[in-house]
Amino acid sequence: MSFKFIPQHDKMDCGPSCLAMVSNYFGKNYSLQFFRENSFITREGVSLLGISEAANKVGLKTISTKLVITELVDKIDNLPCIIHWNKNHFVVLTKIKTKLISKKKIFQIADPSYGIMNLNEYDFKNSWLSDSNNGVALFLFPTDEFYNKTINLESKITLKYILSFLKPFRKQLFIMFALIFLGSLLNLIFPFLTQNLIDKGVNGKNLNLISLILLAQLAVFFGTLTIEIIRNWIMLYVGTKISITIISEFLKKLLQLPIKFFDTKLNGDFNQRIQDNERIEHFLTSQSLLTFFSIITFTVFFGVLWYYNFTILLTFFILTMISVSWSFFWLRRRNILDYFKFQYRSENQENIYEIINSVSEIKLNHFEDYKLKEWNSIQQKLFKINIRVLKLDQIQLSGFEFINQVKNIFVTFLAATFVVKGKMTIGELLSVSYIVGQMNSPVNQLVTFFRSFQDAKLSLERLNEVQNHSTEEITSNQVLLPFFNNNSQNTGINFKNLSFQYEGPKSPYVLKDINFTIPDGKITAIVGASGSGKTTLMKLLLKFYEPTEGELFFNSENINNISPKSLRKNCGVVMQDGFIFSDTIERNIATGDENIDKEKLQNAIKIANIEEFINTLPLGYNTKIGASGNGISGGQKQRILIARAVYRNPHYIFFDEATSALDAENEKIIHDNLQQFFKGKTVLIIAHRLSTVKNADQIIVLKNGEIAEIGNHQQLVQNKADYFNLVKNQLELGN
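Just so it is clear, the model here is predicted, and its values are computed rather than measured.

Let us look at the sheet that holds strand S17 (residues 698-703). The sheet built from 6 strands is open, its strands ordered S12-S15-S16-S9-S17-S18 with mixed pairing. The sheet is open, and its two edges are formed by strand S12 (571-574) and strand S18 (706-711), each paired on a single side. Pairwise comparison of adjacent strand axes, ignoring direction, gives a mean angle of 15 degrees for this sheet. Two elements, strand S15 (residues 652-656) and strand S16 (residues 682-686), share 5 bridges in a ladder whose sense is parallel. Residue pairing in the sheet places aspartate 656 in a bridge with isoleucine 686 of S16. Against the sheet, helix H16 (residues 534-541) makes contact with strand S9 (523-528), S15, S16 and S17, and its axis sits at roughly 150 degrees relative to S16, the strand it touches most. Helix H22 (residues 664-678) rests against S9, S15 and S16 of the sheet, and its axis sits at about 155 degrees to S15.

Read from one edge to the other, the open sheet built from 4 strands follows the order S8-S7-S10-S11, with strand pairing classed as antiparallel. Of all the strands in the sheet, the pair left with one neighbour each is strand S8 (511-518) and strand S11 (557-558). Note: strand S7 (residues 493-500) against S8, 5 bridges, orientation antiparallel. Bridging from a neighbouring strand, phenylalanine 500 pairs with leucine 511 of S8.

Now for the pairing of strand S6 (residues 135-142). Burial runs high along S6: 6 of the 8 residues are buried. One ladder, built from 8 bridges, connects strand S1 (residues 60-67) with S6; its direction is antiparallel. Across the sheet, the residue bridging to isoleucine 63 is phenylalanine 139, located in S6. Looking at chain direction, strand S2 (residues 81-85) and S6 are connected through 3 bridges and run antiparallel. Within S6, the position partnered with isoleucine 83 by the bridge is alanine 137.

Before going further, it helps to spend a moment on the packing of aromatic side chains. Counted under the stated rule, the structure contains 21 aromatic pairs. For the cation-ring pair, lysine 75 lies above phenylalanine 139, with the distance from its terminal atom to the ring centre recorded as 5.7 Å. The ring of tyrosine 509 has lysine 512 lying over it, and the distance from NZ or CZ to the ring centre is 4.0 Å.

Moving on to the pattern of salt bridges. The final tally for this structure, using the stated rule, is 6 salt bridges. Two residues, glutamate 145 and lysine 149, come together in a salt bridge whose shortest N-O distance is 3.8 Å. We classify glutamate 145 as partly exposed; its relative accessible area is 43%. Looking at lysine 149, the relative accessible area reads 28%, which means it is partly exposed.

Time to look at the nonpolar core. Ranked by size, the top nonpolar core spans 47 residues in total, and within it Ile589, Ile642, Phe655, Leu674, Phe678, Ile699 and Tyr723 carry the most contacts. Looking at this core, the element that brings in the most residues is helix H21 (residues 634-647), giving 7 residues. Aside from chain neighbours lying at most four places away, what touches isoleucine 589 is Leu601, Ala604, Ile605, Ile640, Ala643, Arg644 and Tyr647. Of all hydrophobic cores here, the second largest spans 35 residues; its members include Met12, Val46, Ala54 and Tyr344.

Calculation rules
Residues numbered from 1 in each chain as written. Predicted model: local features only at pLDDT ≥ 70, side-chain atom pairs only at ≥ 80, totals over all residues. Heavy atoms only, no water. Pairing = 2+ DSSP bridges. Helix = DSSP H or I, 4+ residues; strand = E, 2+ residues; numbered from the N terminus. Axes fitted to C-alpha atoms, helices over the stretch in contact; angles between N-to-C directions. Contact = heavy atoms within 4.5 Å. Buried < 20%, exposed > 50% of the residue type's maximum accessible area, 1.4 Å probe, protein only. Phe/Tyr/Trp six-rings, centres within 6.5 Å; stacked < 30°, edge-to-face > 60°. Lys NZ or Arg CZ within 6 Å of the ring centre and 35° of its normal. Salt bridge = Lys/Arg side-chain N within 4 Å of Asp/Glu carboxyl O. Core = buried A, V, L, I, M, F, W, Y, C linked by side-chain atoms within 4.5 Å.

These figures come from the coordinates and say nothing about function on their own.
And the structure:
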């Protein structure tokens, strides 16, 4: 069985890449995306448990173990296996070889972020051992289930698919092709003008003919220049439109994906994908059209050279095919390096983004030197990969240029031989030299075209990773949130035996066997220590995630059947990490409303007690505030978020520590204002402060993901259990 290397696309993809390589080795070509979706990746990466779960899903039996180096060598027949590398990465151990003379062991590693490398025992142990003697390995064995499973193959990115982006611009392309054809005809005139200039003008000593031919050459040059100017304008138009289309489609699909998709991605991954768009645009507008132009030019001059001398044409063609084959051989190797370059650039962008957005914390904690050292480390990775790319490019280009130069010299020698033997005239020699020069350019362009196609294909594959994801809104199967009627039965939100895990069936439960009802039109509060599952519960209510077990109902309708858009449209939410957009205050409050309702805006601002702050600003509601709330305090940010939730006037209100950054006076004012607003609405409040939750109709106490107590404030205080312990140091229980 042969081993195929599969690079990782994003920083967190090492586990899925390793699984893809191992399954491919055993004969099943699963996509990286399949393993990514089934290995429960988080933003922190993938666990060995997650890799095992994904492997088991395709029928690979797994055995994870800690062992010493000698035990690993004894299991050589069980390779390839996945091993934990440098305590934060996964690679595939493909082979263990023994040198003939020294008998030393050589370990072949397939690192998804670097490539295939051979390490001696010392270097291998330095990266593999997790403690002084042991390292972690995951052995995988194919079962009958593995071989019997059918694979849904992903659609491949083809040249036809990429060129389909040009379809909306048929008119512009037709004009360009016409101009290209006209330009080719003008270029066709040059060799014949050159031949006649020498043979009939110079040799015939005819100055009038010489002048006429030179004027004709000037006219032809002026024609080709005009055509090129028009072509560049059309290319700019088409290129810009294509760029907008590709990025627009990418962002549109991105915003349709479920929240859990973003849990595995870093900002740098998305930024680098968007920047990759330039390579697609360059290929479509420059390389593809130029190559079409070059093919026409090559075909025309191919015929002309055949007319002059078939022997010269055959020699030129054979040597050209050798040089092109050389380039294609190295292009395949360059393919993998592009993945690594993408990954390191993504990591670099993520690092810079973090430094810029956390500069105050960096300064406060004397973190500057460490962060700069981390950045320099990434630059070293980029430098090394650029060296590898440059080395490969130089080998490819140098060989290509050398073969081309040999070809030019040999063709010139042949033509000169024919002149000496009287089989060709000097004018024909110059024409042949001109034709060969004109044919070399299309050959170079063809190699550049395939190189650009390779780049565009890789970039489009990365963009299509988003396009291939299923959206959370499936209109054909999902229903709108039911109409609210306080007099109807089965109203409210019901949790039935609900459990949730973030990282697969064998990971710890974040919520376990949750059973309670949030009555319609009432206020429910959830309290508990940090990490008890309060925020996760709210995210389930908003359909950011689906329950692992059990059911969740909105007015007797299972949440799995409800449209996410419809659900969130009926919710006013303030999250712990609520975001302030780089826009005006009124736009931050009204958000999606194109025509802002001034009366609703005034009411929201009044309830959130932020009117006085807004009135102190020179532009009032039209004052622009920065992304993430730069330029405003934490309390002001929270009041804007509360005003945003109030402005929508929804039926459901979900607050997660919505007043935690407010001073006591502002909190009391807003709390009193909200009581009137809450009437008739179904409210869920997550908070630690007693003043925020004590008036709730019911209080749920969560402890380690399970319900510890349910009741109102008085009942829970009298119980003197978990709720009492949580709030005993606050105002009323401090006596």
